[in-house]
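Below are the chains, spelled out letter by letter.
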Amino acid sequence: MKEAKVQEKLVEIRKTETHEYSLTRLSNADLRELEERGIGELRDESFVLKPIELIYLSIAGYRVLINGKEIGVGDLIKEINNPHALTVYLDMRKRGYFIKPVVNGPVDFLVWEKGEKPSNLEPKVHD
């Protein structure tokens, strides 16, 4: 019996701005899949990821390369201003919510209900 060859999960990125990374290569996954899972965002013809999303992908089994150098979870955690936010992000993901990190905003995250896609919704702002 032949064994199926398992492709390595790999995400290559380059640092673009403070706390943001631009995707340069993605293996064994489809960009659409990441978008459907609420990870990263398409902006100005490039796909942008935040450090907290890279940690999530690393924990999910992806090798993360920044400018060609492999980076581990420990190094990625150093990129986060609020380490407690990682706990919230991972917990919300585990529960099935869509959660988007916000850089330099009044909140750390935007969160959507389980099963709803952020691209189909406008965040609700309460007065």
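Note that the coordinates shown come from a computational prediction; the quantities given were computed from them, not determined experimentally. (Residues numbered from 1 in each chain as written. Predicted model: local features only at pLDDT ≥ 70, side-chain atom pairs only at ≥ 80, totals over all residues. Heavy atoms only, no water.)

Trainee: Just to check I follow, could you spell out the sheet that holds strand 2 (residues 20–27) for this structure?
Mentor: To summarise the sheet geometry, strands pair through backbone hydrogen bonds and adopt either a parallel or an antiparallel arrangement. Read across the sheet, six strands follow the order 3-4-2-1-5-6 without closing on themselves; strand pairing throughout is mixed. Of all the strands in the sheet, just strand 3 (41–43) and strand 6 (69–71) have a single pairing partner and so form its edges. For this sheet the average axis-to-axis angle between neighbouring strands, irrespective of direction, equals 45 degrees. Pairing between strand 1 (residues 10–17) and strand 5 (residues 63–66): four bridges, direction parallel. (Pairing = 2+ DSSP bridges. Helix = DSSP H or I, 4+ residues; strand = E, 2+ residues; numbered from the N terminus. Axes fitted to C-alpha atoms, helices over the stretch in contact; angles between N-to-C directions.)

Trainee: Sorry, what's going on with the pattern of salt bridges here?
Mentor: Between side chains of opposite charge, a pair can form as their charged atoms come close. Throughout the structure, instances matching the rule amount to 11 salt bridges. For Glu53, the salt bridge is made with Lys100, and the minimal N-O distance between the two is 4.0 Å. Here the residue Glu53 occupies a position in helix 2 (residues 51–59), and Lys100 occupies one in strand 7 (residues 98–101), the gap between them amounting to 47 residues. You can call Glu53 buried: its relative accessible area is 1%. Put simply, Asp91 and Arg95 hold a salt bridge, and the shortest N to O gap is 2.8 Å. Using a relative accessible area of 30% as the deciding quantity, one classes Asp91 as partly exposed. (Salt bridge = Lys/Arg side-chain N within 4 Å of Asp/Glu carboxyl O. Buried < 20%, exposed > 50% of the residue type's maximum accessible area, 1.4 Å probe, protein only.)

Trainee: Just checking my understanding: could you explain the pairing of strand 7 for this structure?
Mentor: The two faces of the sheet receive side chains in turn, since in a regular strand these alternate between them. Neither face of strand 7 is exposed, since Phe98 and Lys100 on one face and Ile99 and Pro101 on the opposite face are all buried. Pairing geometry for strand 7 and strand 8 (residues 109–112), over four bridges, is antiparallel. Bridge pairing in strand 8 links Lys100 to Leu110.

Trainee: Would you mind going over the packing of helix 2 against helix 4 (residues 83–94) with me for this structure?
Mentor: If you want to describe how two helices pack, look at the angle between their axes and the distance between the axes. Look at helix 2 against helix 4: their axes get within 10 Å of each other, and the N-to-C directions meet at 55 degrees. In terms of orientation, helix 2 lies oblique with respect to helix 4. As for how helix 2 packs across helix 4, the hand of that crossing is right-handed. Residues Ile52, Glu53, Ile55, Tyr56 and Ile59 of helix 2 pack against Ala85, Leu86, Tyr89, Leu90 and Arg93 of helix 4. (Parallel < 35°, antiparallel > 145°, perpendicular 65-115°, else oblique. Left-handed = near helix turned anticlockwise from the far one by under 90°. Contact = heavy atoms within 4.5 Å.)

Trainee: Please explain the packing of aromatic side chains as it appears in this structure.
Mentor: What describes a pair of aromatic rings is the distance from one ring centre to the other and the angle between the planes of the rings. This structure, assessed with the given rule, holds two aromatic pairs. Aromatic pair Tyr56 and Tyr89: ring centres 6.0 Å apart, planes at 80 degrees, arrangement edge-to-face. Of this pair, Tyr56 sits in helix 2 while Tyr89 is found in helix 4, placing the two residues 33 residues apart along the sequence. For the residue pair Tyr56 and Tyr89, the accessibility class agrees, reading buried in each case. Ring centres of Tyr89 and Phe109 lie 6.0 Å apart, and the angle between their planes is 35 degrees; this geometry places the pair in the tilted category. Remark: Phe109 occurs in strand 8 and Tyr89 occurs in helix 4; sequence separation between them is 20 residues. Accessibility expressed as a relative area gives 0% for Tyr89, which makes it buried. An aromatic cluster is built from Tyr56, Tyr89 and Phe109, whose rings are joined through pairwise contacts. (Phe/Tyr/Trp six-rings, centres within 6.5 Å; stacked < 30°, edge-to-face > 60°.)

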